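# Overview (structure and organization)
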Amino acid sequence: MMYSGSANLAIVACPGGEHFADLTIQHLKHIYVEKLNRKIEQLTKRYDIPKEKLIKDINFYNDLSSPVLHANNDIGNIRVPRFKVNARFTYFMNGEFKTEILECIRGKSVFIFQDVENHYPLWVNEGKNQHVFSVNDHLMSMMVTIDAVRYAGAAHIALVVPVYPYSRQHKKKGREGLTASMLGYFYECLGVDQIITLDIHSREIENSFHTARIENLHASYQIIRELIRIENLADPDAELVVVAPDSGAVDRNKFYSSGLKKPLAMIYKERDYSVVTQNAKQTNIVNINLLGDVQGKTAFLADDMLGTGGTLLKAMEFLKSKGAKKVIAAVSLPFFTGNAIELFDEAYKKGHFYRVIGTNAVYHEELLQKEWYISTDVSGLFAQVISRLHHNQSLSGLLDNRDIIERMLHTDSAGSHKTDNQ
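Reading the values: the criteria
- Residues numbered from 1 in each chain as written.
- Predicted model: local features only at pLDDT ≥ 70, side-chain atom pairs only at ≥ 80, totals over all residues.
- Heavy atoms only, no water.
- Salt bridge = Lys/Arg side-chain N within 4 Å of Asp/Glu carboxyl O.
- Helix = DSSP H or I, 4+ residues; strand = E, 2+ residues; numbered from the N terminus.
- Buried < 20%, exposed > 50% of the residue type's maximum accessible area, 1.4 Å probe, protein only.
- Contact = heavy atoms within 4.5 Å.
- Pairing = 2+ DSSP bridges.
- Axes fitted to C-alpha atoms, helices over the stretch in contact; angles between N-to-C directions.
- Parallel < 35°, antiparallel > 145°, perpendicular 65-115°, else oblique.
- Nonpolar A, V, L, I, M, F, W, Y, C, P; charged D, E, K, R; others polar.
- Patch = residues over 30% accessible without salt bridge, like charges linked within 9 Å, V, L, I, M, F, W, Y side chains within 5 Å.
- Areas by Shrake-Rupley, 256 points an atom, 1.4 Å probe, with all protein chains shown as cover.
- Left-handed = near helix turned anticlockwise from the far one by under 90°.

## Notes on the pattern of salt bridges
For side chains of opposite charge, pairing can occur when their charged atoms come near one another. A complete count under the given rule lists twelve salt bridges for this structure. Among the ionic pairs, Glu103 bridges to Arg82, the shortest N-O distance being 2.9 Å. Residue Glu103 is found in the loop between strand S3 (97-101) and strand S4 (109-113), and its partner Arg82 is found in the loop between helix H3 (51-65) and strand S2 (87-91); the two are separated by 21 residues along the sequence. Given a relative accessible area of 45%, Arg82 falls into the partly exposed group. Measuring nitrogen to oxygen at the nearest pair gives 3.7 Å for the salt bridge that ties Asp293 to Lys297. Taking relative accessible area as the criterion, Lys297 reaches 17% and is therefore assigned buried. Overlapping salt bridges, with partners in common, bring together Glu18, Asp22 and Lys84 in one network.

## Observations concerning the environment of Tyr187
Relative to the assigned elements, Tyr187 resides in helix H5 (residues 179-189). Along the sequence, Tyr187 and Ile146 sit 41 residues apart, while their C-alpha atoms lie 8.3 Å from each other. Not counting the four nearest positions on each side in its chain, Tyr187 is found in contact with Leu139, Met142, Met143, Ile146, Leu159, Tyr164, Pro165, Val192, Ile195 and Phe209.

## Overview of the sheet that holds strand S14 (residues 326-334)
Spatial strand order, S12-S11-S10-S13-S14-S15-S16: seven strands in an open sheet with mixed pairing. For this open sheet the edge positions go to strand S12 (285-291) and strand S16 (373-376), each flanked by a neighbour on one side alone. Pairs of neighbouring strands in the sheet enclose a mean axial angle of 25°, with direction left out of account. Direction of pairing for strand S13 (residues 298-306) relative to S14: parallel, over a ladder of eight bridges. Its bridge partner being in S14, Thr298 is matched across the sheet by Lys326.

## Focus: the packing of helix H8 (residues 310-321) against helix H9 (residues 340-349)
Between H8 and H9, the shortest axis-to-axis distance is 11 Å and the interhelical angle comes to 5°. In terms of orientation, H8 lies roughly parallel with respect to H9. Residues Leu312, Leu313 and Met316 of H8 form the contact with H9, whose participating residues are Leu343, Phe344 and Ala347. Class assignment of the residues belonging to the contact of H8 with H9 gives a composition of six nonpolar, no polar and no charged.

## Remarks on a nonpolar patch on the surface
Residues Phe60, Tyr61 and Leu64 make up a contiguous nonpolar surface patch of about 370 Å² in total accessible area. With respect to the helices and strands, the residue Phe60 is situated in helix H3. On the basis of relative accessible area, Phe60 is assigned to the partly exposed category, the value being 46%.

## Some remarks on the packing of helix H2 (residues 18-47) against helix H10 (residues 379-390)
Running from N to C, H2 and H10 cross one another at 55°; their axes reach a closest spacing of 8 Å. Between H2 and H10, the angle falls in the class oblique. In this structure, H2 crosses over H10, and the sense of that crossing is right-handed. Contact residues: H2 offers Phe20, Leu23, Thr24, His27, Leu28, Ile31 and Lys35, while H10 offers Ser379, Gly380, Phe382, Ala383, Gln384, Ile386 and Ser387. In the contact of H2 with H10, the residues fall into seven nonpolar, six polar and one charged.

## Topic: the pairing of strand S10 (residues 240-244)
Of all five residues that make up S10, five are buried, and the element is covered over most of its length. Of the two faces of S10, the one lined by Leu240, Val242 and Ala244 and the one lined by Val241 and Val243 are each fully buried. Inspection of the sheet shows S10 paired to S13 by four bridges, in the parallel sense. Paired with Val242 across the strands is Phe300, a residue of S13. Two strands pair when backbone bridges link them, and S10 and strand S11 (residues 264-271) are joined in this way by three bridges, in the parallel orientation. Counted as the bridge partner of Val242 is Leu264 from S11.

Next comes the structure, spelled out in structure tokens:
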């Protein structure tokens, strides 16, 4: 790992994505120090050089290769890059945005963070004003930031958008646009080379890019890690059934079923598409059937996103009516729009479900206060991917994490046996 190489990695956090960017930067710094320490230990043994001298030499060559001396005068310790770029975000009263990059990023690889589903008050105009932004506001803020980074001379531009905007508008059914594809065209026109997102709603979106590359990450490892803490998955006789909440979620839940080595069931819904729903209490579902058996078992459902939550609430209530002992749901992107939290509170009190596992890819303060909600951190996954991309390393182990999940389950199983033996 090149020491000076990480100094060329820069992160610009849009107002909506600042929270997630800060968490990711903490992991990046840890990854950086951990990798450099490992390399230093190997080099000290190979060349029989004292560690202190080697660190000084690294700092010396880093200063020598840099056009300016490092701001940190400490030459005896590992210098951790700052990563985060100072920027000024201005929001005008007519709704326009302006982004100014306040330091040199010429020749750097810049990763722009944005959370388009952050609907909490955000500080702009150097902390003078607070505003709640819509998805379109966040999207325009990101576009303006991409343009600013491009004009500032960045060598490589990547977007880190855990929620890909307009991902549900990916199919053309009539006289309508393919907005998800259109946004991809905009990104490419602005010089974006790469996009990093989480559990994109449709794989078809990935095929709409011509020059940019898209890395679609999955939170399955993080979700299973939380599931293990509330369910004894190490027990081969554990009564757990993975349930696909609809036909579109079969592949996702098949992955969990095979990874956990548990049976797979499916909920089949008949819908009346002449009915247009407006909130979670309204639904166009006219009949529900279950393919499988959940009687006396824990039912686990996984989906990519949760909006108003009406479909999931109905599915969980249905599984309880079919005799499920416990219902646990997992969603990669927990939007909880409208009055969804209130409706989940009601369903929880009625005993329709036990827990909902979601990621912190979407900033949601209110959810963290709920007894029924478990938040799992995916910022470390994004940090690993960014670090590997920047240093041209393989992502295979992170994108296909079946081996890691198997090792985790094996470790949990060994721990359970050890406890039983004691």
